[in-house]
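Chain residues, written in single-letter form:
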Amino acid sequence: MRLTDCHNTEHFRRFAKRRLPGPIFHYIDGAADDEVTYRRNTAAFETCDLVPNVLAGVEHIDMSVTVMGQRLELPLFLSPTALQRLFHYDGERAVGSAAAKFGTMFGISSLATVSIEEIGSSISTPKLFQLYVHKDKELTKSMIDRCKEANFEAMALTVDTIVGGNRERDLRTGFTSPPELTLKSLLSFAAHPAWAVNYFLREKIRLPQLEDYVGQGTHISVSVADYFNTMLDQSMDWKAAEAICQYWNKPFVLKGIMSVDDARRAVDIGAAAIMVSNHGGRQLDGSRSPFDQLAEIVDAVGDKVDVICDGGIRRGTHVLKALSLGAKACSGGRFYLYALAAAGQAGVEKALTNLRNEIERDMKLMGCKSIHDLSRNKLRFR
Ligand SMILES: Cc1cc2nc3c(=O)[nH]c(=O)nc-3n(C[C@H](O)[C@H](O)[C@H](O)COP(=O)(O)O)c2cc1C
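These remarks concern the structure in this document.

**Some details on the overall build of the chain**
Moving on, step 1. A tally of regular secondary structure across the chain gives 16 helices and 12 strands.
Moving on, step 2. Computed over C-alpha atoms, the radius of gyration of the chain comes to 20 Å, within 12% of the 21 Å expected from 2.2 N^0.38 for 382 residues, which places it in the range of a compact globule.
Moving on, step 3. The proportion of buried residues among the 382 residues of the chain is 60%.
Moving on, step 4. Sequence-distant contacts, at least 24 apart, represent 74% of the contacts inside the chain between residues at least 6 apart.
Moving on, step 5. Per element, the accessible surface of the chain, about 15,400 Å² overall, is 51% carbon and sulfur.
Moving on, step 6. One way to put it: in the chain the 47 positive side-chain charges average out to a point 5 Å from where the 46 negative ones average out.

So, in structure tokens, the structure goes:
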């Protein structure tokens, strides 16, 4: 399989499946319980159709948006995801550099494998840090302080992982980070020698945001669910979120808002944006999809905060549909993670090229010269 043969997200998914040991591929690809919500996240976009206008003079179009006070050249950005150097040895370095080439934002996770300081000094595009609130208050504070120092533009507090989701593929494969060296995992590495050579011979996988505070995930192998269940602070509440928002004192985002009530409370505590998200279906299976829930949230708070539609995006038309409903931008994880696993930075750039071309072509076919031309009268639900 070659990069030039990857024309859509599914092609990258198949490529990633070939390159990665099974447990790592299924960690990216899998979701919670029966994965109903995961499938619905993308299927929801098929519940409506775009209604184009023609003869609109679309030679030059503008795809830019402004979210969290940042101008992005694309209405799509790269959501924060954990453990990227496990998928490809360049990890966050590759993803950040690719995002910068396309003038869009990218996020790094609290569980990133490259440090806040390195990303801050090497990546010029708007950067978002995703915060997990740990029981260890000093650890949480240290991450916020490091982001201030490194001039991150925005901070997203993830609020949908108060406990770990039931990711049964990970239970079946025994996925941990760092991977445990068992007979089964060694056999799976041997079947993917290119990945294994890089994993064993290149810079060791680290969690630089955590390693001064915890052994888990750094030198002690742990499943992601165990990490959430033992390390994160389940007493986190609105007061805590408000305190973090004030302490951060720059654009603040709540990631994982799904209800209108919570969206209103996000406005009350001073959030600049909300990411309507169910963590890519990896947490509460049976919960509603971001696209299904978007209209009521936009109607309630769309004039007060930037509403982002996060998850399920696989096509340019998905982005156009979400923007037509009133989202300010879209974001996603797997669309670039499969590409990262397939071919590192070149892979992420190809995935972004494909999606940028789709958004541009689809806007022209819709008769839209700018994102402002997309509105609900461009959509009909079936
Ligand atoms: C492998 C993987 C790791 C993720 N890690 C994190 C994380 O550390 N923090 C976080 O807030 N969200 C994390 N997410 C969720 C993404 O930020 C995003 O919400 C989700 O991927 C959107 O769904 P999509 O993959 O269908 O685009 C992760 C998602 C995946 C697939």
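Let's pick the thread back up.
**Examining the site of the ligand**
Moving on, step 1. Neighbouring the ligand are 23 residues; P80, S109, T158, D310 and G333 lie closest to it.
Moving on, step 2. For the ligand, an oxygen atom lies 2.7 Å from a polar atom in the side chain of T158.
Moving on, step 3. Contact between the ligand and K255: a nitrogen atom at 3.0 Å from a side-chain N or O atom of the residue.
Moving on, step 4. In the complex, 99% of the free accessible area of the ligand, which totals 600 Å², lies under the protein chains.
Moving on, step 5. Among the residues making up the shell around the ligand, the classes are represented as 6 nonpolar, 12 polar and 5 charged.

**What to know about the pairing of strand β9 (residues 273–276)**
Moving on, step 1. Neither face of β9 is left uncovered, since the one carrying A273 and M275 and the one carrying I274 and V276 both have all their residues buried.
Moving on, step 2. Taken together, strand β8 (residues 252–257), helix α13 (residues 260–268) and β9 constitute a β-α-β crossover, and its handedness is right-handed.
Moving on, step 3. Relative to strand β10 (residues 306–310), β9 runs parallel, the two sharing 4 bridges. Within β10, the residue paired with M275 across the bridge is I308.
Moving on, step 4. Between the parallel pair β9 and β10, the chain is carried across by helix α14 (residues 290–301), and the sense of this crossover is right-handed.

**Here we look at the nonpolar core**
Grouped burial of nonpolar side chains is what soluble globular proteins tend to show.
Moving on, step 1. In terms of nonpolar packing, the biggest core is built from 130 residues, with F87, I274 and L294 touching the most fellow members.
Moving on, step 2. Per-element accounting of this core gives the leading share, 15 residues, to helix α16 (residues 334–366).
Moving on, step 3. Sequence-distant contacts of I274, that is, excluding residues within four places in its chain, are made with V253, L254, I257, A263, A266, I297, V301, V305, D306, V307 and I308.

**Here's the deal with the packing of aromatic side chains**
Moving on, step 1. Applying the stated rule across the entire model yields 13 aromatic pairs.
Moving on, step 2. On the numbers, 6.2 Å between centres and 40 degrees between planes, the contact of Y27 with F87 is tilted. With Y27 in helix α2 (residues 22–29) and F87 in helix α4 (residues 84–87), this residue pair connects regions lying 60 residues apart in the sequence. The same class applies to Y27 as to F87, namely buried.
Moving on, step 3. Pairing F189 with W195 gives two aromatic rings, centres 5.0 Å apart and planes at 45 degrees, and the pair type is tilted.

**Considerations on unusual backbone geometry**
Moving on, step 1. Between S177 and the following residue, P178, the backbone shows a cis peptide bond with an omega angle of -15 degrees.
Moving on, step 2. Looking at the secondary structure, you find P178 in the loop between α8 (168–173) and α9 (183–190).
Moving on, step 3. Even without being glycine, N151 reaches a positive phi, approximately 60 degrees.
Moving on, step 4. Relative to the assigned elements, N151 resides in the loop between α7 (137–149) and β7 (154–158).
Moving on, step 5. Its relative accessible area of 51% is what places N151 among the exposed residues.

**A short note on the pattern of salt bridges**
Where charged atoms from two side chains of opposite charge approach closely, those side chains can pair.
Moving on, step 1. Here the structure, examined in full by the defined rule, presents 19 salt bridges.
Moving on, step 2. The closest approach of N and O atoms between R169 and D29, which form a salt bridge, is 2.8 Å. Taken together, the residues R169 in helix α8 and D29 in helix α2 connect sequence positions 140 residues apart.
Moving on, step 3. Here R169 falls in the buried class, since its relative accessible area comes to 13%.
Moving on, step 4. Residues R169 and E35 are paired through a salt bridge, measuring 2.9 Å at the closest nitrogen-oxygen approach. Of this pair, R169 sits in helix α8 while E35 sits in the loop between α2 and α3 (36–43); the two residues are 134 residues apart in sequence, bridging distant segments of the chain.

**With respect to the pairing of strand β6 (residues 127–131)**
Moving on, step 1. A large share of β6 lies buried, amounting to 5 of its 5 residues.
Moving on, step 2. The alternating pattern of β6 places K127, F129 and L131 and L128 and Q130 on opposite faces, both of which are buried.
Moving on, step 3. Handedness of the strand β5 (residues 106–108)-helix α6 (residues 116–122)-β6 crossover: right-handed.
Moving on, step 4. In the sheet, β6 pairs with β7 via 4 bridges, with the strands oriented parallel.

**Quick word on α14**
One turn of an α-helix holds 3.6 residues; hence residues three or four places apart share an orientation.
Moving on, step 1. With 9 of 12 residues buried, α14 is to be regarded as a mostly interior element.
Moving on, step 2. Residues of α14 that are buried include every one of P290, F291, D292, Q293, L294, I297, V298, A300 and V301, and no others.

**Here's the deal with the packing of helix α15 (residues 316–325) against α16**
For any two helices packed against each other, the geometry comes down to the angle between their axes and how far apart the axes lie.
Moving on, step 1. Close contact between α15 and α16 brings their axes to 8 Å; oriented N to C, the two are set at 55 degrees. Viewed along their axes, α15 and α16 adopt a mutual orientation that is oblique. Relative to α16, α15 is oriented so that their crossing is right-handed. Residues G316, T317, V319 and L320 of α15 form the contact with α16, whose own contacting residues are L355, E358, I359, D362, M363 and M366.
Moving on, step 2. Split by residue class, the contact of α15 with α16 holds 6 nonpolar, 2 polar and 2 charged.

Conventions used here
Residues numbered from 1 in each chain as written. Predicted model: local features only at pLDDT ≥ 70, side-chain atom pairs only at ≥ 80, totals over all residues. Heavy atoms only, no water. Helix = DSSP H or I, 4+ residues; strand = E, 2+ residues; numbered from the N terminus. Rg over C-alpha atoms; globule rule 2.2 N^0.38 Å. Buried < 20%, exposed > 50% of the residue type's maximum accessible area, 1.4 Å probe, protein only. Contact = heavy atoms within 4.5 Å. Areas by Shrake-Rupley, 256 points an atom, 1.4 Å probe, with all protein chains shown as cover. Lys, Arg positive; Asp, Glu negative; His and termini not counted. Charge placed at Lys NZ, Arg CZ, Asp CG, Glu CD. Near = heavy atom within 4 Å. Polar contact = N/O pair within 3.5 Å; in protein donor to acceptor, adjacent residues only side chain to side chain. Nonpolar A, V, L, I, M, F, W, Y, C, P; charged D, E, K, R; others polar. Right-handed = clockwise from strand over helix to strand, strands pointing away. Pairing = 2+ DSSP bridges. Core = buried A, V, L, I, M, F, W, Y, C linked by side-chain atoms within 4.5 Å. Phe/Tyr/Trp six-rings, centres within 6.5 Å; stacked < 30°, edge-to-face > 60°. Salt bridge = Lys/Arg side-chain N within 4 Å of Asp/Glu carboxyl O. Axes fitted to C-alpha atoms, helices over the stretch in contact; angles between N-to-C directions. Parallel < 35°, antiparallel > 145°, perpendicular 65-115°, else oblique. Left-handed = near helix turned anticlockwise from the far one by under 90°.

Geometric values such as these leave the question of function open.
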